[in-house]
Amino acid sequence: MTTRLTATSLRSRTLLRLRLRPVTSRIPNPGLEPSAGAPLSQSRVSRPASFSTTASGGDRGQEPPPPPAMDSPIKVVSHLRGAGGGGGGEGEGGAAAIDAGKSARRPLSLWPGMYHSPVTNALWEARSSIFERMMGAGNGGGAGGEEGDEQRAPTELLVKTPAQSRTCIVYKFATDDILREQYRDPWNEVRIGKLLEDLDALAGTIAVKHCSDEDSTTRPLLVVTASVDKMELKKPIRVDTDLKIAGAVTYVGRSSIDIQIEVTQVDKDSDDRSDQIALTANFTFVARDSKTGKSAPVNRLSPETEREKQLFGEREARDKMRKRKREEQKGGLENGIHKLRAEAERLDALLAEGRVFADLPALADRDSILLKDTRLENSLVCQPQQRNLHGRIFGGFLMHRAFELAFSTAYAFVGQRPCFLEVDHVDFLKPVDVGDFLRFKSCVLYTQLDNPEQPLVNVEVVAHVTRPELRRSEVSNTFHFTFTVCSDTLKNGLKIRNVVPSTEEEARRILERMEAEGLCN
């Protein structure tokens, strides 16, 4: 069975296709440990359960096909409109494309916005087919209809393996000119901001797969991005070579799902698999009941391979340590007083140079700059085209826009093109809705100049949801990006300036960030 997505925009003149094809043999996924080729059984445990979905599509109105193997890659191909029409792909047999203009084929609420990348659109096409089948859209129920509302709450959980949620996407950059052009930046590398969207969409699709129980009488769960753990770029990602992103569930709590994704790109000069890993990312999603909005339990996880067991153990230890720290913070009055005194001393030291800028500017260090002088800002009104399947603004879109502003901030600060290194932990505190007035404010929070061969520039971006009619502004997300500069520019005498705070509030933000990075003794 083949499902393809076609975009009708005359401006982009592109055709996006999604191929979901059942396989009889295991397809290896670079970047994650391969799973066993034998069919995987599902055991049930007597606990409240999440709903079930699969990533297989099917023509609307027909009986859904059996679910495909979970590790078969979702391939995204882009063509010019009119070139190839509705078929002609390998193994497609000329099947008619699903036209995005024909929204009557599914409830409007199951269509995401039209802003997103071709890979994100392909993933959401797969995910929306899951929700459509679960909510009875194929039988006339529809999302939010009476039949969807009458579906019962889940009653029991499954025990699943990471292999059952594993998903791989292939970017055919070497042969697909249109797709390559959509992801190319001015320096012929992959646009990181656009890739962040795809990673979030892939993680969400994996979470939905894990929440599957194959019971169409239970109502579906909603999965939302709770946080993104440290995301590290290990090497530049080229746009002239095929790229793969693969991920699977690594750990689950009661209602949380941890997902690890690896981006791999074959290095022609090396046979070492570790050299192929370009980026790693860890996402945490939480499940909500689609009717009550409350947290809902998710399927249990049973790792099989040694690699899967190792990842499970690491995430479990991290979860326990996080809980222990929260408990420690609740008590210990004496330790709290000691910490306050130490923090006051560090604040005073940070503010010393800032006071010189304020009181004796002619004597201030020329190699330093005030934090407030590194600021940039942009704003937008969130549009329907930027929404996800749940009608909220897509978390990947927020990361994309935050990254673009952070890159610009580092560029203006350094005076040369910065090189992205990592995204630190991101918490999605408040949802952003269509129509919200969103403001992104950035600054260089601090620099690390201890290593002259790789100076680090830490950029903070804060997303504010502003409601002028209520005279109110709330923080939705805080992002922290780390950049460096190319070694060639350092050889030419480029010097990175030190950033100093001018207010106590700025100094506290710097200290909090440095403590999170383990830079404070």
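Residues numbered from 1 in each chain as written. Predicted model: local features only at pLDDT ≥ 70, side-chain atom pairs only at ≥ 80, totals over all residues. Heavy atoms only, no water.

By the naming in an unreviewed UniProt entry, the protein is HotDog ACOT-type domain-containing protein, taken from Paspalum notatum var. saurae. The UniProt entry for the protein carries this comment under Sequence similarities (unreviewed entry): "Belongs to the acyl coenzyme A hydrolase family." (UniProt positions renumbered as here; feature names shortened; annotations may be inferred.)

This next bit is on the packing of aromatic side chains. The geometry of an aromatic ring pair is captured by two quantities: the separation of the ring centres and the angle between the planes. Following the criterion strictly, the structure yields 15 aromatic pairs and no others. Pairing Phe 403 with Phe 407 gives two aromatic rings, centres 6.2 Å apart and planes at 40°, and the pair type is tilted. With Phe 403 and Phe 407 both in helix α7 (residues 395-414) and four residues apart, this pair spans about one turn of that helix. We note that Phe 403, like Phe 407, is buried. Taken together, the ring pairs connect Trp 187, Phe 403, Phe 407, Tyr 411, Phe 420, Phe 479, Phe 481 and Phe 483 into an aromatic cluster. Geometry around Tyr 183 places Lys 194 over its ring, the cationic atom sitting 5.9 Å from the centre. (Phe/Tyr/Trp six-rings, centres within 6.5 Å; stacked < 30°, edge-to-face > 60°. Helix = DSSP H or I, 4+ residues; strand = E, 2+ residues; numbered from the N terminus. Buried < 20%, exposed > 50% of the residue type's maximum accessible area, 1.4 Å probe, protein only. Lys NZ or Arg CZ within 6 Å of the ring centre and 35° of its normal.)

Locating Gln 386 in the fold gives a position in the loop between β15 (376-381) and α7. On the basis of relative accessible area, Gln 386 is assigned to the buried category, the value being 10%. Within the structure, Gln 386 has its side chain in polar contact with the backbone nitrogen of Gln 383 (distance 2.9 Å). (Polar contact = N/O pair within 3.5 Å; in protein donor to acceptor, adjacent residues only side chain to side chain.)

Our next topic: the side chain of Glu 506. Mapped onto the secondary structure, Glu 506 falls in helix α9 (residues 504-516). Judged by relative accessible area, which is 3%, Glu 506 ranks as buried. Side-chain polar atoms of Glu 506 contact the backbone nitrogen of Ser 502, separated by 2.8 Å.

Every α-helical turn comprises 3.6 residues, leaving residues that sit three or four positions apart pointing alike. Taking 1.5 Å per residue as the helical rise, α7 with its 20 residues ought to reach 28 Å, and the 28 Å between its terminal C-alpha atoms agrees with that figure. Taken across its 20 residues, α7 has 15 buried, putting it largely inside the fold. Two residues or fewer past α7, Gly 415 is found with a positive phi of approximately 90°. (Expected span 1.5 Å × (residues − 1).)

Strand direction decides the pairing type here: strand β8 (residues 221-228) and strand β12 (residues 277-289), joined by seven bridges, are antiparallel. Each bridged residue has a counterpart across the sheet, and for Thr 225 the counterpart in β12 is Phe 285. Relative to strand β17 (residues 426-427), β8 runs antiparallel, the two sharing two bridges. Pairing of Val 228 across the sheet is with Val 426, part of β17. (Pairing = 2+ DSSP bridges.)

So, on to the pattern of salt bridges. Oppositely charged side chains can pair when the atoms bearing their charge come close. For the structure shown, the criterion picks out 25 salt bridges. Between Asp 348 and Arg 355 there is a salt bridge whose closest N-O contact spans 3.4 Å. Judged by its relative accessible area of 40%, Arg 355 falls in the partly exposed class. Of the charged contacts, one joins Arg 513 and Asp 424 as a salt bridge, the two residues approaching to 1.9 Å between their closest N and O atoms. Remark: Asp 424 occurs in the loop between β16 (418-423) and β17 and Arg 513 occurs in helix α9; sequence separation between them is 89 residues. When its relative accessible area of 11% is taken as the criterion, Arg 513 is described as buried. Given a relative accessible area of 8%, Asp 424 falls into the buried group. Via salt bridges that share partners, Lys 230, Glu 422, Asp 424, Arg 513 and Glu 517 belong to a single interconnected network. (Salt bridge = Lys/Arg side-chain N within 4 Å of Asp/Glu carboxyl O.)

With a phi angle near 60°, Asn 188 is a residue other than glycine that sits in the positive phi range. Secondary-structure assignment places Asn 188 in the loop between α3 (177-183) and α4 (192-210). Owing to a relative accessible area of 47%, Asn 188 belongs among the partly exposed residues under this scheme. The residue Arg 471 is not glycine, and still its phi comes out positive at about 55°.

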